[in-house]
Amino acid sequence: MIQVINGLVYGSFLYLLAVGLVLIFGLRRVTNFAHGSLFMVGAYIAYAVAAYLGFWGGLVISVMVLAALGVLLDRFVFRPLAREDAVVTLLVTFGLLFVLEDAVRTIWGKDYLTVPPPPLLSGVIPMFGSTFPVYRLFVVAVALAVAAGLALWLRYSKVGLYVRAASVDPVTTGMQGVDTDRLSALVVAIGTGLAGLSGTIAGPLLALSPSMGAFIIIDCFVVVVTGGLSSFTGAFVAALLIGQVHNLGIVYVPELASMLPLAIMTLVLLLRPRGLAGAGR
Amino acid sequence: MSALPSTPATARRRVPAIAVVAFIVAVAAGLLVPAVVSSQLALTLMTQAVITAVLATGIGFLMRQCGLTSFGHAAFFGIAAYTVALNGKFGVLPTELAIIAAILLPAALAFVAGLGIVRMPALAFSMLTLAVAQAFYEIMLRWRELANGDDGMAVRLPSQLFGLDIETFQQPGSMFSVCWIVLVVTVAGLWLLSRSRFGLLTVAIRENEERARFIGYETVVPRALVYALSAAVAAVAGVLFVLYNAFVTPGTLYWSLSGEGIVMAVIGGAHAVWGPALGSVIFFLLKDAAGDLTEHWPAIIGATLIVVTVLVPRGISGLIIALFQKLKGGRR
């Protein structure tokens, strides 16, 4: 049972990152290969700031810095390349991944760093006959809150309506008078801001290393493809599923654990070629 | 990305004389280099460059014919290397046969997987190939009993291979020639294939899959075949690697190797079959020139990738072809 909750924790991470990818894909029809690296940069910024302002200060600053980076990314990478093939953006963000990893390695070194959880959340609580760190539950709560917040925002706000419209068809939405460039800057900022958020909360849970981003982006890709590229609900379900499978796999069949998420994905794609939330054929 | 190949291919099917000359010169050069270059270090570097050039050629061929970017070709490279290595450990097949199996196995895997994944959008294809390759890496990393995990395993090779002394494959001087000739033959073969009916068909599918289907062509199997072929080329590189080093680590499966191959293919320009190989040479020259800066090598290579992708989308080979056509004086 504890393992199931651990799977939930990992799934929560995957969701926070994957939903950023989904948001960006919806608006720009591109994949941000550097998303995992932004997650990693977010984690390091939070680490650096936490030394002065504590965990919560680190959280706020990291999210803000990453959101600002997102605006820059949209303005100077996604927008100029919008007319090119999507693979061009993929390659450019792939290049960015190398640059960011090297920058972080230069500043903070390549050794593992750890961040203590904030005092408020550092205890354990009894659960199913053993104890469980409060912090892990906090991670799940954050993911659920983000999921709920995003769902409400997309469903009920006017901007949310635009975002949904644009992710169905950016061109038509633009023709209806929606400024998709501005919208995209906002959406990319939210996506990268979430990368900052998950990077920050990853600090006390995972060890920080410059390669942590490249490591997690792969599971994220699996989640996004399984969920059906541009679906928010699909990403949510897929993240929880993959998180669960990943974790149980590591506990019970460590040698083959890495194959299990792929097996799930293959199964899903065989049954529904466009992913879990794929609309028809 | 979607321009037609620069030669209207129906116009001349005959192999131009210059290509034959280039082929002969290239083979001769490969045999002469070790006699001219005496530095063992330089030869070692060049051998590595040529092995990676074979990998990049495989990746580039898939880009060229199908417009698909595989982020997982290290898997085929590594599977081939591990096939030879594990065969040495368990002694199932004679090494010559194991080498053939090491090339056919990744090709077969790619063909079967390809039937499913070449249909996907190009982005999903890239993401999936990465994920699958990484899964193989993790298996080799974690399954210590099989192949000694992260520490890698030494590969037992016989003293004679294909009638040649094993030293031939392990001395940089002779191995450079072997790898070079493999590279030249591979590029030439793929180049001929790209001009064939099959090559033209796959380019047509790349340009407009729906239209090709409407004209009455089957569009999935040809793309899966190209994928299998490019996997086989990556596997050849893996075999060369394992023969040369007689050692294999999970690093041969790691995504950064696929990444390097892509970077080479993009820098060299995949529109020409020989572009990725050229890119590989430039890559290693850059790396050598970077000298003290090699600590920041990832950033250099990342920045180069960004600059080339944005400013020179056809890569160095594209520039060379454009220059060549200009020199010919506007005949077309």
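The structure reproduced in this document is the subject of the present report. (Residues numbered from 1 in each chain as written. Chains lettered and ligands numbered in written order. Predicted model: local features only at pLDDT ≥ 70, side-chain atom pairs only at ≥ 80, totals over all residues. Heavy atoms only, no water.)

Observations regarding the overall build of chain B
Point 1. A tally of helices and strands in chain B yields 15 helices and four strands.
Point 2. For chain B, the C-alpha radius of gyration of 20 Å lies close to 20 Å, the compact-globule estimate for 332 residues.
Point 3. By principal-axis analysis of the C-alpha atoms, chain B measures approximately 55 × 45 × 40 Å.
Point 4. When contacts within chain B are restricted to residue pairs at least 6 apart in sequence, those whose partners lie at least 24 apart make up 78%. (Helix = DSSP H or I, 4+ residues; strand = E, 2+ residues; numbered from the N terminus. Rg over C-alpha atoms; globule rule 2.2 N^0.38 Å. Contact = heavy atoms within 4.5 Å.)

A few points about the nonpolar core
Residues and elements named next belong to chain A.
Point 1. Judged by nonpolar contacts, the single largest core of 177 residues is most densely connected at Leu16 and Ile201.
Point 2. Looking at this core element by element, the count peaks at 15 residues for helix α1 (residues 2-28).
Point 3. Once residues lying within four places of it in the same chain are set aside, the contact partners of Leu16 are Val142, Ala143, Val146, Leu194, Leu197, Ser198 and Ile201. (Core = buried A, V, L, I, M, F, W, Y, C linked by side-chain atoms within 4.5 Å. Buried < 20%, exposed > 50% of the residue type's maximum accessible area, 1.4 Å probe, protein only.)

Focus on the packing of aromatic side chains
Residue and element names in this part refer to chain A.
Point 1. Scanning the model with the defined rule gives 18 aromatic pairs over all chains in all.
Point 2. For the ring pair Phe13 and Phe39, a centre distance of 6.5 Å and an interplane angle of 85 degrees mean the geometry is edge-to-face. Here Phe39 lies in helix α2 (residues 35-78) and Phe13 lies in helix α1, a separation of 26 residues in the sequence. Per residue, the accessibility class of Phe13 equals that of Phe39, and both read buried.
Point 3. For the ring pair Tyr135 and Phe138, a centre distance of 5.5 Å and an interplane angle of 45 degrees mean the geometry is tilted. Here Phe138 and Tyr135 lie together in helix α4 (residues 134-156), a separation of three residues that amounts to about one turn. Across the pair, Phe138 and Tyr135 agree in class, each one buried.
Point 4. In this structure, Arg75 packs its charged tip against the face of Phe76, placed 5.5 Å from the ring centre.
Point 5. Above the plane of the ring of Tyr156 lies Arg155, whose end atom (NZ or CZ) is 5.9 Å from the centre. (Phe/Tyr/Trp six-rings, centres within 6.5 Å; stacked < 30°, edge-to-face > 60°. Lys NZ or Arg CZ within 6 Å of the ring centre and 35° of its normal.)

Here we look at a nonpolar patch on the surface
Residues and elements named next belong to chain B.
Point 1. Taken together, the side chains of Val15, Val20, Phe23, Ile24, Val185 and Leu192 present a nonpolar region at the surface, about 490 Å² in accessible area.
Point 2. Contributing elements (two or more residues each) for the nonpolar patch: α1 (17-36) and α8 (172-195).
Point 3. When you line up the elements, Leu192 lands in helix α8. (Patch = residues over 30% accessible without salt bridge, like charges linked within 9 Å, V, L, I, M, F, W, Y side chains within 5 Å. Areas by Shrake-Rupley, 256 points an atom, 1.4 Å probe, with all protein chains shown as cover. Salt bridge = Lys/Arg side-chain N within 4 Å of Asp/Glu carboxyl O.)

Section: unusual backbone geometry
Point 1. Positioned with a positive phi, Ala246 of chain B is a non-glycine residue whose angle comes to about 50 degrees.
Point 2. Relative to the elements of secondary structure, Ala246 of chain B occurs in the loop between α11 (220-245) and β4 (247-248).

Looking at the environment of Ala246 of chain B
Point 1. For Ala246 of chain B, a relative accessible area of 18% puts it in the buried group.
Point 2. Separated by 144 residues in sequence, Ala246 of chain B and Ala102 of chain B have C-alpha atoms that sit 15 Å apart.

A word on helix α15 (residues 315-327) of chain B
All names here are of chain B.
Point 1. In this model, α15 (13 residues) spans 19 Å end to end at C-alpha, consistent with the 18 Å of a helix rising 1.5 Å per residue.
Point 2. Among the residues making up α15, those that are buried are Gly315, Ser317 and Gly318. Axial view of α15: buried residues confined to an arc of 105 degrees, hence all on one face. In this structure, α15 carries Leu323, Lys326 and Leu327 as exposed residues pointing more than 90 degrees from its buried face.
Point 3. Following α15 by one or two positions, Gly329 adopts a phi angle in the positive range, close to 75 degrees. (Expected span 1.5 Å × (residues − 1). Arc of directions from axis to C-beta.)

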